[in-house]
Every structure is written in structure tokens, then in C-alpha cells.
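Here is how the chains run, residue by residue.
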Amino acid sequence: MDDQEKVIQIAGSITVDELANSLGLSVTSLIGELFKQGIVATINQRLDFDTASLIIEELGIEGVRLEKKNTSTQTARNRRELSEKAVLRPPVVAVMGHVDHGKTTLLDTLLNKKTVDDEAGGITQHISAYQLEHDGRLITFLDTPGHEAFAAIRQHGAMLTDIVVIVVAADDGVKPQTVEAIKFAQSANAKIIVAINKIDREGADVARTMADLAQHGLQAEEWGGDITMVPISARRGDNLDKLLDMILLTADLEELKADIDIPAEGLVIESHMETGKGSVVNLLVTGGELKVGEFVVAGSAYGKVRTMLDFKGSPKGKATPSTPVTVTGFKDLPNFGDQFVEVENEKIARKQALLNAQEVADEAASANVTSTDLLRMMNTADNSKVFNVIVKGDVLGSVTSVVDSLKMIDTKGEITLNIVATGVGDVTENDVYMAAGDNTVIYGFNVSVPTNIAKMAERDGVAIRCYRVIYELLENAKASMEDLLDAEVVETEMGEMKVKGVFRTERTSIIAGGEMLRGKVAVGMLGRVMRGKEQIGEVKVDSVQKEKMDVPELVEGELGGLALSTEHKIVMEVDDRIKFFTRELVKRKL
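Reference entry: report on the structure contained in this document.

About the thresholds
Residues numbered from 1 in each chain as written. Predicted model: local features only at pLDDT ≥ 70, side-chain atom pairs only at ≥ 80, totals over all residues. Heavy atoms only, no water. Helix = DSSP H or I, 4+ residues; strand = E, 2+ residues; numbered from the N terminus. Buried < 20%, exposed > 50% of the residue type's maximum accessible area, 1.4 Å probe, protein only. Lys, Arg positive; Asp, Glu negative; His and termini not counted. Salt bridge = Lys/Arg side-chain N within 4 Å of Asp/Glu carboxyl O. Contact = heavy atoms within 4.5 Å. Pairing = 2+ DSSP bridges. Axes fitted to C-alpha atoms, helices over the stretch in contact; angles between N-to-C directions. Parallel < 35°, antiparallel > 145°, perpendicular 65-115°, else oblique. Left-handed = near helix turned anticlockwise from the far one by under 90°. Core = buried A, V, L, I, M, F, W, Y, C linked by side-chain atoms within 4.5 Å. Phe/Tyr/Trp six-rings, centres within 6.5 Å; stacked < 30°, edge-to-face > 60°. Nonpolar A, V, L, I, M, F, W, Y, C, P; charged D, E, K, R; others polar.

## A few points about the side chain of K198
Part 1 of the reasoning: Turning to its location among the elements, K198 is positioned in the loop between β10 (191-197) and α8 (206-215).
Part 2 of the reasoning: The buried charged residue K198 lacks any salt bridge partner; its closest oppositely charged side chain belongs to D171, at an N-O distance of 5.2 Å.
Part 3 of the reasoning: Discounting residues that sit within four places of it in the chain, K198 has contacts with D100, H101, G102, A169, A170, D171, A204, I232 and S233.

Structure, rendered in C-alpha cells:
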């Protein structure tokens, strides 16, 4: 590294003002340079790491290197800040891999719990957390979604974990989502164990699968590498004890510890509303001991733990580190991935939640720009259309799925998708307030619309569209975006007449007669009046006559008269030709 190289650390995002100061440029100068690149930015606009890197590259600034501040995981922070009193804790294990490679079947067999039937189409929809006991020790498992639309959730899943078990089918090999899982595990600094599944299937080839994995940087221990690979059959249960042994061995080598004599803390791994219970939140405790009756804050949400259940639904009095629990008592729904902390009383909880909410509001007000936004600004025309949506879902997994899927609709740069807001639970009065006035559509997925809210939306002209099947929602969104596209002007040639006589010419009307050389002419058609190769004007056909009688049309070979209208005076002459055509506005498709 060059000794003179300047390092700028970015934790999450940086404002234009902060970036300018770090680069030694005036804010005016940086904004001016951005404008030349087609980016309209303000002094307080926030830029993420990728965007700031792209700007420095575009501006040709040398001798500067950006570096991400390590704020990735609570686990990493705990490791650095542990006290001497810290005790061993169970490992948190994420199970990842390609769709249909057997992640959920593996967990079903391990936990003797059938979950596939509960999921739409047999694909895991939400992160679920489980615990099992092996050799007298607990292991916590996270079952993460595998569909393309759930990439954001899967990334969070990796950030919550110590060990990632990547499931690869021996008869199918490494697939795109396998590679994605490897990258996520590496970015989260998690230890990787590979479970080579479906060894009982015809066509299973463990050696070939290991070779495929080696191509992506995972070298098996048997081949001189450092990655434990265990051939298993999740369906039959082959080698599952060995897999669990390897997980515990890896945990022992990592010496996973946590403090328990501190205020409880951890992460939100799921949240939704339930009738009669209010907010139901799945938490993963990472430090301290969470007990019923304690006050907790997670993001802008706070509450008192009213009830606590383990993953089987049995009441639990307290939860220690690495334990997943389901609690009620939050006054609002916290967001997936939010860190929760225990506080002394409700007053402190409310104050901290308000401070957290203000931080989020300040961030939103400063218009955080992502690299995707930046590329869109640089590559799309100024007159691109905007499709505003609010997304409500039954649980956060659904919301993330819908939002990610909406973003995958290819609009060819002509439509900008603007996610105004997202949330869990039924459509509310606040959603309608936010949607009113700027043509925002509220999409609900597996949620309801109370009668009073529906009436309010109808009064305010707000569209609320609810679906149970995600593909129907996406089809509607695509059709709505197509409605925003400017219609395409399509002209179709219809016929041609040679002018034989001009009987009257006024400023905006002409009466003329002639012979149809080809095609036809009918009322309502447009015509270009041609003199040789020169167009001298455009006319509209108001009426058609043949032998002094009104007729619907004239066809090739027929003689007749036309009453024509025009916006500008045209002096038509004998032997001019009129080329007739229709002009339609045709709705475009994405």
C-alpha cells in the first residue's frame, strides 16, 4: 500500500458534505463535479459505500481508499467486548443452500418436526429458529429462505450466525444460490461446514461435488483444505450425528462465549401481528438473560415482555445467550435485524425508542442514495416515470419478498419504482395518509383492510390492492407500470388518391375529387398532401362521396369527392396526391 494513500472509513453511509471534507474538496466543487456526471446531489444527501466508491472512481481521484468500518455483527462486537466472567454459549447455525437441495428436510429430520407442509409451494418463506440437544449440549439453528426473492433476508441470516452449514445436493452440485450462500458466510466471518446431501439418490457424486466446491474456494479437509464436508442423507438420516459432532467441534475451536450478567441484548429475527396477541416477535438472545416482565427496546419499538415461548411454543421464564424465543408485549413491530436491548423501565424505553425513531427519520430526510439509485440517475432520462408503492405484509419475510420481487421487474429504465414505505400488519389509516396525493398504490400481501380504512381510501382516491399469491401482485404492479408508459404512436398506410379537381378551398377546409390509385379512404382517416416528393400539408377526411351520395369509403379504381379539414391553409392542385393513413396511440408493454 502506498504510504501516502488516504483511507476514508465509512460505517453504513456518508453525507456529500462529509465526503467532500474527507477528500479535501469544497462541497460546492464536489456537488459541481457530481452534476457533470449527471447526479443532482444536495449537501446532506447520504451515499452508501458502493456509491461513494463509484463517485471517487468517476471523478478520477487517486491516492484515496475507502474502507468499511466493521459494524457487521453483534456477535463480532461481543467477541471483542467480553468480560472475564463470560461463559460458553451454544453455537448459532444457519442452514443455507440452493432451492430444493434439502435444507428444510435436514432440519425436519434433526428436529423431528415437519415444517415443509406449512410453507407455500414447499419453499421456506420466513426465517425460523430452533434448538436441539446433542450429546447434552444445545445447538441453535436458523432455517433461512432459499428463493431468489429472499436474498436480503438470507444475507441477514448469515449476519446472525457463528457457523453456516451449506447444503449441496450430491446429484445437482453447486448452483447460483450455493455460491451466494458461500459469499454471505464469508462476509459474515462465519465458519463454514458443507453438508453434501442426497447421497442416497441415483446420480449422486460426492467427489464431483467436492471438486465443484473447490472451484469456489471451499477446499475439503480430505483434499488438504480447511473446510469440513459431511456426506449425508437428510431424508434417511445418514451421518446426521456426525454433522452435529462437527458443528460442536467447530464451536469448541471458536470458544463461543457470552456475558450473562449484563442487560439482555440480541436481534429481532421475525415479527408479525396476531389477533388477540398484538405484536409477536421472534428474538435471538446474544447476551445477558431475557426474562418475562423486562422492558426492551428494538429500533423505534419498545415494550414489556408479557409472554415468552420457546421454539416449540412452551412457556419460558428466561432466555440465555444463543436462545431463540417468541415474545409478546411490544407496542409496535420492530424491524427484522434490529438489535434489542433491555432497559430499566418504561420511561427509558420510550425515550430510547423515540431517539432511535428520530435517527431513522433524519436518515430518511437526508435522502440516502444507494449505488442502484446512482446508476439509475446516471443512466435514465430526466422524464422517467415514478411508480410509488407502499407494501404491507403478514410478516417481515413476506414484505421483503414482495419488495425484492418488485425491484426485479425490468422497466428498461423508463419507470422508477419508489418504495414509499413498508410495514407488517393490516393496512392502516397512516398508510392511507401517506399514499394520498401522489398516486401511491398500497399493496397488501396476506393482510386485510378494515372497512373504515377501505372507505377512507375510497374517499381519498387511494388504491389498495390485496393479494394472497405473490405472482398475481407482481402482474398487477407490472400492468400498473405499463399504464405509466407514454403510448407509442403507430401509423398505418391505408391508400392513395390522385386529385382530379379542387372545388373549394378555405382556410381550414377543402373540397376535392379524385381517383383512388390503391387501398382505400374512409371518414376519420388522415392524409398527407404530396406534390411530387414534397409534402405540402396534412388533412383529415370529414366525409366521402360517390356519385353525389355519402358513402363509408372509396376503394382502388373508384372516383369520388372528399370534404377535408386542415389546421393550416393548403392550396391543393390537380395532380397532387393524397396518401391516407391512420394514426393510433398503442399501449406499450414492459
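## Comments concerning the sheet that holds strand β13 (residues 265-274)
Part 1 of the reasoning: Reading around the circumference, β13-β14-β19-β17-β16-β20 is the order of the 6 strands in this closed barrel, with antiparallel pairing throughout. Taking the axes of each pair of neighbouring strands and ignoring which way they run, one obtains an average angle of 45° across the sheet.
Part 2 of the reasoning: Relative to strand β19 (residues 324-330), strand β17 (residues 301-309) runs antiparallel, the two being bridged by 4 bridges. Within the sheet, the bridge partner assigned to M308 lies in β19 and is V327.

## Concerning the packing of helix α12 (residues 396-407) against helix α15 (residues 470-484)
Part 1 of the reasoning: Relative to each other, α12 and α15 sit at 40°, their axes nearing to 10 Å. The angle between α12 and α15 places the two elements in the oblique class. Every pair of crossing elements has a handedness; the one defined by α12 and α15 is right-handed. Here S401, V402, S405 and L406 of α12 come into contact with α15, specifically with I470, L473, L474 and A477.

## Thoughts on the pattern of salt bridges
Part 1 of the reasoning: Inspection of every chain in the model, using the stated rule, returns 28 salt bridges.
Part 2 of the reasoning: As a salt-bridge pair, K546 and E558 come within 2.9 Å of each other at their nearest N and O atoms. Placement of K546 in strand β28 (residues 534-546) and of E558 in the loop between β30 (553-555) and β31 (559-565) is noted, with a sequence separation of 12 residues between them.
Part 3 of the reasoning: Assessed through its relative accessible area of 30%, K546 is described here as partly exposed.
Part 4 of the reasoning: Residues participating in the shared-partner salt-bridge network are E491, R528, E538 and R583.

## Re the nonpolar core
Part 1 of the reasoning: Ranked by size, the top nonpolar core spans 26 residues in total, and within it L106, I139, F141 and I247 carry the most contacts.
Part 2 of the reasoning: At the level of elements, β6 (92-97), α5 (103-111), β7 (128-134), β8 (137-143), β9 (163-169), β10 and α9 (240-254) are the ones that each hand at least two residues to this core.
Part 3 of the reasoning: Considering every element that reaches this core, the biggest residue donor is α9, with 7 residues.
Part 4 of the reasoning: For I139, the residues in contact, after removing those within four places along its chain, are P90, P91, V93, Y130, Q131, L132, H134, L244, I247 and L248.
Part 5 of the reasoning: In terms of nonpolar packing, the next biggest core, distinct from the first, is built from 24 residues, L333, Y443, Y467 and L473 among them.

## A closer look at the pairing of β8
Part 1 of the reasoning: Burial within β8 is extensive, with 5 of its 7 residues counted as buried.
Part 2 of the reasoning: Sheet topology note: the β6/β8 ladder contains 4 bridges and is parallel. Across the sheet, residue V93 finds its bridge partner in β8, namely F141.
Part 3 of the reasoning: Here 7 bridges tie β7 to β8, and the two strands are oriented antiparallel to one another. Across the sheet, residue Y130 finds its bridge partner in β8, namely F141.

## Quick notes on the environment of L417
Part 1 of the reasoning: As for its placement among the helices and strands, L417 is situated in strand β22 (residues 415-424).
Part 2 of the reasoning: Through-space distance from the C-alpha of L417 to that of K407 is 7.1 Å; in sequence the pair is 10 residues apart.
Part 3 of the reasoning: L417 has contacts with F387, V389, L406, K407 and M481, leaving out every residue within four places of it along the chain.

## Section: the packing of aromatic side chains
Part 1 of the reasoning: A full pass over the atoms with the stated rule returns 2 aromatic pairs.
Part 2 of the reasoning: On the basis of an interplanar angle of 90° and a centroid distance of 6.0 Å, the ring pair of Y130 and F311 is categorised as edge-to-face. You can see Y130 sitting in strand β7 and its partner F311 sitting in the loop between β17 and β18 (318-319), a full 181 residues away along the chain.
Part 3 of the reasoning: What makes Y130 buried here is its relative accessible area of 5%.
Part 4 of the reasoning: Ring centres of Y443 and Y467 lie 6.4 Å apart, and the angle between their planes is 40°; this geometry places the pair in the tilted category. On the criterion of sequence distance, the pair formed by Y443 in strand β23 (residues 441-445) and Y467 in strand β24 (residues 463-467) is long-range, its members being 24 residues apart.

## Quick word on the pairing of strand β27 (residues 526-531)
Part 1 of the reasoning: Across 6 bridges, the pairing between β27 and β28 is antiparallel. Its bridge partner lying in β28, R531 is registered against E534.

## Re the sheet that holds β24
Part 1 of the reasoning: Judged by pairing direction, the sheet is parallel, and its 4 strands sit side by side in the order β22-β21-β23-β24 without closing on themselves. The outermost strands of the open sheet, each flanked by one partner alone, are β22 and β24. The sheet shows a mean angle of 25° between the axes of neighbouring strands, direction not considered.
Part 2 of the reasoning: Of the strand pairs in this sheet, strand β21 (residues 385-393) and β22 are connected by 9 bridges, and their pairing is parallel. From the neighbouring strand, V386 faces β22, where its bridge partner is T416.
Part 3 of the reasoning: Contacts from α15 reach β21, β22, β23 and β24, with the element oriented near 170° to β23.

## So, the packing of α5 against α9
Part 1 of the reasoning: Relative to each other, α5 and α9 sit at 95°, their axes nearing to 11 Å. With respect to α9, the axis of α5 lies roughly perpendicular. From α5, L106, T109 and L110 reach across to α9, where they touch L240, L243 and L244.
Part 2 of the reasoning: Its residues assigned to classes, the contact of α5 with α9 shows 5 nonpolar, 1 polar and no charged.

## A closer look at unusual backbone geometry
Part 1 of the reasoning: Although it is not a glycine, N239 sits at a positive phi angle of roughly 65°.
Part 2 of the reasoning: Inspection of the secondary structure puts N239 in the loop between β11 (228-231) and α9.
Part 3 of the reasoning: Positioned with a positive phi, K548 is a non-glycine residue whose angle comes to about 60°.
Part 4 of the reasoning: In this structure, K548 sits in the loop between β28 and β29 (549-550).
Part 5 of the reasoning: Given a relative accessible area of 78%, K548 falls into the exposed group.

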